[in-house]
Structure formats: C-alpha cells, structure tokens
Amino acid sequence: MTALLETRRVGKHFGPLCALDDVSFKIEAGEVVSVVGPNGAGKTTLVNLLTGLLTPTSGQVLFMGQDIAGLGPVTLADRGLARAFQLIAIFPRLTVRETIAAALVSRQKKRWRLWSRLAADRAIAARVEEVAGHFGLRARLDTVAAALSQGEKKLLDVASAFALEPQVILLDEPTSGVSTADKHGIMTTLIAAAKTAGVTGIVLVEHDMDLVAAYSHRIVALSEGRMLADLTPDKFFADPALIAAVVGKPRGH
C-alpha cells in the first residue's frame, strides 16, 4: 500500500550547513506521527520540505506516491496536503466566519471573487458553519479573531486548514502559547475533528512530551539533522537515553 506521505533519504543543505541528512519515514492512513527534537534538530526544515516550501538537496518527498518537492503549499493543498498556518496573526480583524470562508473559497478556486460572492454563496456559508461546529467555534462565528482566547485562536488556525478538506494535515505546535490545562482539550478537539472531516493522517510537530505520548501512533525523533528513532510511544518513552537526547531530561522530571 502506498504511504500517504513519505520521505526517502532526504537531505537538505544551505550552503555548507547540513540541516537534514538521510531522513526516511512514512505516514500511513490512520496515523498521528509526531516529529520531535531539540532546537536546531531540523524540524522546521523538515516541515518546509513536507509542505513544498523547500526542495530537498537529495532524496525524495512523496505524497500519495507522487514527488511533491518544491510544489508549494497552495498546490499541495489542492492535492490534499494542508498545513495549519497562523492566518489569524495575518488577518486579526477578520471574523471567525470570514477566516474559515477565506480558506474555503481558495479551495474552490474563487480567490478573486471572495468578497463579492461571500454573502450570496449559501454552500460556502453552510460549510463554514459545519467546520466551525467541528471545532466548537459556531457561537463565535461573528467574533473577530483578535478577540478570541488563545486556545480559540489555535483552533481557528487549524479549522482554516481543515476547511481545505485535506487528506493529510501538518500541525506545527498547535498548542504553543496555550495554558497547560487547555492543551489536552485542544488536542482532543483536533483529533475528533480530523476523524469527522475525513482527514486520514496527521503530522504533529510538538515539544510537549505529554501530548506526544498521549496522541501519537509513532514518534520520529531528530537531532542535528539526523533521525535518532522512528518508534511507537511505548518504545520511545522506555529509552531514557533517547528522551534525554530529544528533550534533555526524562518525561515527568
């Protein structure tokens, strides 16, 4: 069976700097795969390769068996691979309704008719409410993004990506800046929304090891641009040396 998303011996150099070296892993249908590692491990470079912002120096990045190197996030979103960007940081004065609608309209290739057609397009309006409902944001549809709580802002970021109807979604620290008490609630909402929306694979870049342990099927660990491990959570957290290499201390200490 073809993997949803795969890297094959991927390397990336920036001049003399080697950011990634010989990284290979797969995301299969139904999986949440977390990418972890200390600062400078190569996580950001890997994310940018997976979402087509960068082209690998060596190796291949494949989505549904097709090489996607350097295609860019817009083309990849059309194919079914979406990344949660922080749209609300760019458009804080848009309402929740407008933010989700903007993503929907781009998916339906109506980019240049967004504001003239938005009010009249009943299909988009209904879909906006449906997506907002998945994320518990229906009551906030007419609230400007800047007025949302931090947790609601994170949910709106991801809801905008879900509006693109992806098969695979990449979440880059979706709970950063959120209180510890709210993190599990947000992750539970995201996982449930993914299942409801038909998302078949999730790549989660996350530094909170409690979340990684609770929601991952597999953990890909990076350090200094190289893969340290590709393991199930039970095997990953059973290796103190590996945890120390990734986060500097064992989980829970």
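Description of the structure in this document. (Residues numbered from 1 in each chain as written. Predicted model: local features only at pLDDT ≥ 70, side-chain atom pairs only at ≥ 80, totals over all residues. Heavy atoms only, no water.)

So, the pairing of strand S9 (residues 218–223)
Now for step 1: Counting buried positions along S9 yields 6 of 6 residues, so the element is predominantly enclosed.
Now for step 2: Residues Arg218, Val220 and Leu222 line one face of S9 and the alternating positions Ile219, Ala221 and Ser223 line the opposite face, and both faces are buried.
Now for step 3: Judged from the 4 bridges that link them, strand S3 (residues 31–36) and S9 form a sheet pairing that is parallel. Across the sheet, residue Val36 finds its bridge partner in S9, namely Ala221. (Buried < 20%, exposed > 50% of the residue type's maximum accessible area, 1.4 Å probe, protein only. Helix = DSSP H or I, 4+ residues; strand = E, 2+ residues; numbered from the N terminus. Pairing = 2+ DSSP bridges.)

Brief notes about the nonpolar core
Now for step 1: Within the largest apolar cluster, 41 residues are counted, with the highest numbers of intra-cluster contacts made by Ile100 and Phe135.
Now for step 2: When residues no more than four places from it in sequence are discounted, the contact partners of Phe135 are Leu155, Val158, Ala159, Phe162, Thr189, Leu190 and Ala193.
Now for step 3: Counting residues in hydrophobic clusters, the runner-up holds 26 residues, among them Leu5, Val10, Val33 and Leu54. (Core = buried A, V, L, I, M, F, W, Y, C linked by side-chain atoms within 4.5 Å. Contact = heavy atoms within 4.5 Å.)

As for the environment of Ala77
Now for step 1: Tracing the chain through its elements places Ala77 in helix H2 (residues 73–79).
Now for step 2: In this structure, the C-alpha to C-alpha distance between Ala77 and Ile169, residues 92 residues apart in sequence, is 9.3 Å.

Let's talk about the pattern of salt bridges
Now for step 1: Inspection of the entire model under this criterion finds 12 salt bridges.
Now for step 2: For Glu165, the salt bridge goes to Arg127, with nearest N and O atoms at 3.8 Å. One end of the pair, Glu165, is in the loop between helix H7 (150–162) and strand S7 (168–172); the other, Arg127, is in helix H6 (residues 122–134), with 38 residues separating them in the sequence.
Now for step 3: Judged by relative accessible area, which is 15%, Arg127 ranks as buried.
Now for step 4: In this structure, the salt-bridge partner of Glu152 is Arg140, at a minimum N-O distance of 3.2 Å. You can see Glu152 sitting in helix H7 and its partner Arg140 sitting in the loop between H6 and H7, a full 12 residues away along the chain.
Now for step 5: According to the relative accessible area criterion, Arg140 is partly exposed, its value standing at 25%.
Now for step 6: Through salt bridges with shared partners, a single ionic network connects Glu31, Arg218 and Asp230. (Salt bridge = Lys/Arg side-chain N within 4 Å of Asp/Glu carboxyl O.)

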